[in-house]
Amino acid sequence: MTSFNNPHAEVSLHSDIHDQVEQQCELGILICKICGQVIDTLPTNGVKKIYGVCSGTDCRNINRGEKQTQ
Ligand SMILES: [Zn+2]
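Now for a look at the structure at hand. Note that the coordinates shown come from a computational prediction; the quantities given were computed from them, not determined experimentally.

Reading the values: rules and limits
Residues numbered from 1 in each chain as written. Predicted model: local features only at pLDDT ≥ 70, side-chain atom pairs only at ≥ 80, totals over all residues. Buried ≥ 20, exposed ≤ 12 C-beta atoms within 10 Å, placed from the backbone. Helix = DSSP H or I, 4+ residues; strand = E, 2+ residues; numbered from the N terminus. Pairing = 2+ DSSP bridges. Axes fitted to C-alpha atoms, helices over the stretch in contact; angles between N-to-C directions.

**Considering the pairing of strand 3 (residues 48–52)**
Step number 1: For strand 3, the tally of buried residues reaches only zero of five residues, placing the bulk of the element at the surface.
Step number 2: Where strand 1 (residues 26–32) meets strand 3, five bridges bridge the pair, whose relative direction is parallel. Residue pairing for strand 3: Ile29 is matched across the bridge by Lys49.

Here it is, written out as structure tokens:
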């Protein structure tokens, strides 16, 4: 007889672990400090909010110190 490895069971076990790891990893949120938009999520060790600058022209100008008069 051929060796029977039941590959389906192995695959589903592997994807279970992968799902758990992915859920635990997406805890960091990258937020634009100018407009407050969520830019991205990052795998971090614990829940964190990280402030950055999004790709918006206004946000980049303001971040460079070219503050517009309000
Ligand atoms: Zn922004």
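Next comes the rest of the write-up.
**Focus: the sheet that holds strand 3**
Step number 1: Pairing is mixed across the open sheet formed by three strands, whose spatial order is 2-1-3. The open sheet has two free edges, formed respectively by strand 2 (38–43) and strand 3, since each of these has just one partner strand. Mean inter-strand twist for the sheet, computed between neighbouring axes without regard to direction, equals 30 degrees.
Step number 2: Of the strand pairs in this sheet, strand 1 and strand 2 are connected by five bridges, and their pairing is antiparallel.

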